[in-house]
Amino acid sequence: DTAVSQTPKYLVTQMGNDKSIKCEQNLGHDTMYWYKQDSKKFLKIMFSYNNKELIINETVPNRFSPKSPDKAHLNLHINSLELGDSAVYFCASSPFNAGVAFFGQGTRLTVV
Amino acid sequence: GENVEQHPSTLSVQEGDSAVIKCTYSDSASNYFPWYKQELGKRPQLIIDIRSNVGEKKDQRIAVTLNKTAKHFSLHITETQPEDSAVYFCAASKNGNQFYFGTGTSLTVIP
């Protein structure tokens, strides 16, 4: 009955690989997000989707691509992984115009 | 986009004392100001939020204040307990769909 769930929880991979992180929410929310939290704990928004439409795309390398097959899912695909991509990636969702977001448990990505 | 600044970056208080965390934002169109608590290794969790039509909101030991004119808002925790130790993030949101976070405050409550 987890509200926002993402998989995997841990991901260790080599430089140059391609990987995906999945996110699902069962709250019926309209908007989903991906945030990156670096080693200094800073939470930086990467993408958000509202009803399958990308509404934010901050200065994120195009190696990162969000994919939303439906309103309840927002997956993150990363090509050609680099050492600097190592971080914790959080998925989140929010009702439209609600002003609050709810986070998944995070995926700790380590690129070696 | 919005720029949210948060101070202090670290804060240590004795158990029972109060803690105050302050944030400023740049976009006068921001209307929603949630606060999140993140314990070590866990996800950020919403603890309280305030909207632009309200100047103050309180929930037990936690209170938030908002000054729209000065574009700053604050989190106040009274009677702190060791379990309040965590990283706290403020955020600002325009129309509730774009969340920009402050840089976080690591709060340590000393028993």
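Residues numbered from 1 in each chain as written. Chains lettered and ligands numbered in written order. Predicted model: local features only at pLDDT ≥ 70, side-chain atom pairs only at ≥ 80, totals over all residues. Heavy atoms only, no water.

## As for the state of the cysteines
In the structure shown here, the tally under the stated rule is two disulfides over all chains. Covalent S-S linkage joins C23(A) and C91(A), the inter-sulfur distance amounting to 1.8 Å. As the torsion about the S-S bond is roughly -75°, the C23(A)-C91(A) disulfide counts as left-handed. Of the two residues, C23(A) sits in strand β3 (residues 19–25) while C91(A) sits in strand β9 (residues 87–94), which places them 68 residues apart along the sequence. Accessibility expressed as a relative area gives 0% for C91(A), which makes it buried. The partner cysteine of C23(B) in its disulfide is C90(B), sulfur to sulfur 2.0 Å. Negative torsions about the S-S bond denote left-handed disulfides, and the value of about -100° found for C23(B) with C90(B) makes this one left-handed. Of this pair, C23(B) sits in strand β3 (residues 19–25) while C90(B) is found in strand β9 (residues 86–94), placing the two residues 67 residues apart along the sequence. In this structure, C23(B) and C90(B) share a single accessibility class: buried. (Disulfide = S-S within 2.5 Å. Helix = DSSP H or I, 4+ residues; strand = E, 2+ residues; numbered from the N terminus. Buried < 20%, exposed > 50% of the residue type's maximum accessible area, 1.4 Å probe, protein only.)

None of the figures reported here should be taken as evidence of function without further support.
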